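Breakdown of the fold
So you can see what is in the structure, the chains are spelled out below.
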Amino acid sequence: MAESYRRSRWSNALFVAPYLVVFFALLVFPLFWGMWLSLNKVDLFGGGQFIGLRNYARVLSDPVFHQAVRNTVVFVAVSVPTLVGLGLFLALALNKTTRGSSFLRGLYFSSSILSVTIVTLIWRIVFIPNDGLMALIFNVLGLEPIGFLSTKGWSLFSVGVATVWWCIGLPMMLLLAALQQIPADLYEAAALDNAGKWRVLTRITLPSIKPTIMLVAVIQIVMQFQLFGQALIMTNGGPAGSSRPIVMYIYETAFIRWDVGMGAAASELLFVIILCAAMFQYWISSRKEVA
Amino acid sequence: MSAPIEIANITKRYGALTVLEDITLHIEPGEFVVFLGPSGCGKSTLLRMIAGLEAVDGGTISLGGERIDTLPPGKRGVAMVFQSYALYPHMTVAQNMGFGLENLKTPKNEIARRVQSAAETLEIAHLLDRKPAKLSGGQRQRVAIGRAIVKEPQAFLFDEPLSNLDAALRGRTRLELAQLHQRLGATMIFVTHDQVEAMTLADRIVILNDRRIEQMGAPMEIYQRPATKFVAQFVGSPAMCFLPVTGMTDAAQGVTLDVEGAGKIEIDVRLPAGFRRDGASVGIRAEDAKVLDRGQPGIAVGVKVVERLGDRAFIYGTLDNGTEFVVEDSGRSTVASGDVIQIGFDPNALHIFDGDGRAYHHSEEA
Ligand SMILES: Nc1ncnc2c1ncn2[C@@H]1O[C@H](COP(=O)(O)OP(=O)(O)OP(=O)(O)O)[C@@H](O)[C@H]1O
Ligand SMILES: [Mg+2]
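Calculation rules
- Residues numbered from 1 in each chain as written.
- Chains lettered and ligands numbered in written order.
- Predicted model: local features only at pLDDT ≥ 70, side-chain atom pairs only at ≥ 80, totals over all residues.
- Heavy atoms only, no water.
- Buried < 20%, exposed > 50% of the residue type's maximum accessible area, 1.4 Å probe, protein only.
- Helix = DSSP H or I, 4+ residues; strand = E, 2+ residues; numbered from the N terminus.
- Pairing = 2+ DSSP bridges.
- Contact = heavy atoms within 4.5 Å.
- Buried area = accessible area lost by both parts, 1.4 Å probe.
- Salt bridge = Lys/Arg side-chain N within 4 Å of Asp/Glu carboxyl O.
- Phe/Tyr/Trp six-rings, centres within 6.5 Å; stacked < 30°, edge-to-face > 60°.
- Lys NZ or Arg CZ within 6 Å of the ring centre and 35° of its normal.

**Remarks on the pairing of strand S17 (residues 312–318) of chain B**
Residue and element names in this part refer to chain B. Most of S17 is tucked away, with five of its seven residues classed as buried. In this sheet, S17 lies alongside strand S16 (residues 299–308) in antiparallel orientation, the contact comprising six bridges. Counted as the bridge partner of Val303 is Gly317 from S17. Linking two consecutive strands that pair antiparallel, namely S16 and S17, is a turn of three residues; a positive phi of about 95° is found at Gly310 within it. Pairing geometry for S17 and strand S18 (residues 324–330), over seven bridges, is antiparallel.

**Here's the deal with the interface of chain A and chain B**
Contacts between the two partners involve 15 residues from chain A, matched on the other side by 24 residues from chain B. Taking both sides of the interface into account, the surface hidden between chain A and chain B amounts to around 1800 Å²; carbon and sulfur atoms contribute 53%. Of all residues in chain A, Leu192, Asp193 and Asn194 of chain A bury the most surface against chain B, accounting for 39% of the area lost on that side. At the surface where chain A touches chain B, the tally comes to four salt bridges.

**Some remarks on the sheet that holds strand S14 (residues 281–284) of chain B**
Strand order in the open sheet formed by six strands is S13-S12-S11-S14-S20-S21 (chain B), and the pairing between neighbours is antiparallel. Looking at strand neighbours, the two that pair on one side only are strand S13 (263–267) and strand S21 (359–360) of chain B, the edges of this open sheet.

**Structural notes on the packing of aromatic side chains**
Here a ring pair, both rings aromatic, is described through the centre-centre distance and the interplanar angle of the planes. This model, assessed by the stated rule, comprises 19 aromatic pairs over all chains. Note on Tyr251 of chain A and Phe255 of chain A: the rings are 6.4 Å apart at their centroids and 50° apart in plane angle, and the pair reads as tilted. Of this pair, Tyr251 of chain A and Phe255 of chain A are both found in helix H13 (residues 246–256), four residues apart, which corresponds to roughly one turn of the helix. Summarising the aromatic geometry, the rings of Phe158 of chain B and Phe190 of chain B are spaced 5.8 Å apart at their centres and angled 40° between planes, so their arrangement reads as tilted. Residue Phe158 of chain B is located in strand S7 (residues 155–159), and its partner Phe190 of chain B is located in strand S8 (residues 187–192); the two are separated by 32 residues in the primary sequence. Of the two residues examined, Phe158 of chain B and Phe190 of chain B, each falls in the buried class. Between Lys229 of chain B and the ring centre of Phe242 of chain B, over which it is positioned, the NZ or CZ distance is 5.0 Å.

Remember, this is a structural readout, not a statement about activity or role.
Here it is as structure tokens:
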């Protein structure tokens, strides 16, 4: 009985076949095809010609790409800590069972289900010059209005605000779920141990949800490196490319200038950057665990 | 280090549900008090109110003469051991034990000294650098006790601390707790629904039931002179057997009872004028009844099950009228299921309960 249970049969593979087909068709194949494309000269008229690493050399020497990488790194470096920090703050604040807090949880999460077009539309209304909400507020306060979407620096900032607003739901929910896993009697023991609010937060709550904080950070790093829609619709990368992220560079290269090989090479580079960033984050967190 | 606890007119409600009503209880310094009662009777709730983890809806609690029910849990001078231990999973054993003292800004070397000495007392000194996840259940339990000891509280509160241990370890830990109590001399309150724990550990048992204190007293007093029918049937294993009383006449010494299934029995007991006769019953414990030799006149019991415990045996059966009955016999008992045996008992070992469940016992023991 145990023997027949253990013996593997090829027919068993049928059970995983549907998944494997989808996995190979939609993930593995495109991954390798993309790698292959990045080694070829491919344009609108098709017809690949193997050119080795030349696409990579072109991308790496392109100042526009450098700028896009810089923009994206700055964007990730600011937006991810904001998302994690704000998400944690909201989760801590809403970790109650009152009706008000359930309503607010729903409210904060609701932005996540909107499509990027609606999100950007909303934030364009806020940031747009002359008639935008910010412009109105600045007017009322008698301040010089800022062209949020058309000033260097402010444009990327505006995209960041819209992104945080759009993406805050998931970190908040994940952290909230983690908070609710903490047994209540730990807090009771801490109360009997005279622990103040700050000590409870730093010695009990945060250590308990640390794995989730790390998970949220890695998810957000991976997601925010792929910034695209908000930047495209809100600022179109402007002014002077100061809010152009890497994905937009890839898009312009591959689908506007139809230099598909070069776009694929840039994609592979982005893939490596994301991988390194996520691994670095993971390494940092696991190294502290040992100490 | 030990202080008296004064619980006065404590009431607790959860919405419309009243869990405890007008509980008044005085606990002497250094006394070991056990709260015993059926599940859901509010033992934990009462303990948690003393600890400050549950709000009080009425009445006051004082410790060492100082009113504590208005203080936050940490300021009450009590330490609690939770059923689930509630150890901080990210701290080592030493940090777990020292956390409370750290919060009080106790000097580091003082913390280390107290943690070390508590750890030695509990024989967990070699575990101080481990995290709770890497401890066995029994070791965790010791750490939880250690965490309470280092605080040098005026009173210890235990909420079923032994219920997660296996039987052997539970027995051993029970003994150690008794020793710990002797050594520390601290006031301790212990919640359990295990009678053996209650009987062996307590200086005094408080039986809670249906929002009230049903009875409090020394373990043997509770066992031998239960105040109510509830206590009589709740304490003792196997449970006391009850036989309905159908009639009652005064006798020269005490009363003569008409006991259903057992005939007329004369008992030396003084019953008050207010004794409610309808619904009255008598109760007898298994060890107070004995199997009579063949041929001797007694009460016939049809044997259903014989439970052999080695040193003794419990014989479960029914009387002629179907009432269930348990009698203890020696370990060498030859009684088998299906037999009909004759049993007898000393009438004065009977407990008499009136229609309201109040208990009366043989006069001499009074
Ligand atoms: N937070 C709460 N809300 C509503 N009812 C509660 C709450 N906590 C406890 N109760 C009720 O109060 C009663 C007493 O509960 P408690 O936990 O004190 O029982 P217990 O005697 O400790 O029982 P056990 O032996 O099972 O631990 C129970 O009927 C329970 O349902
Ligand atoms: Mg309980």
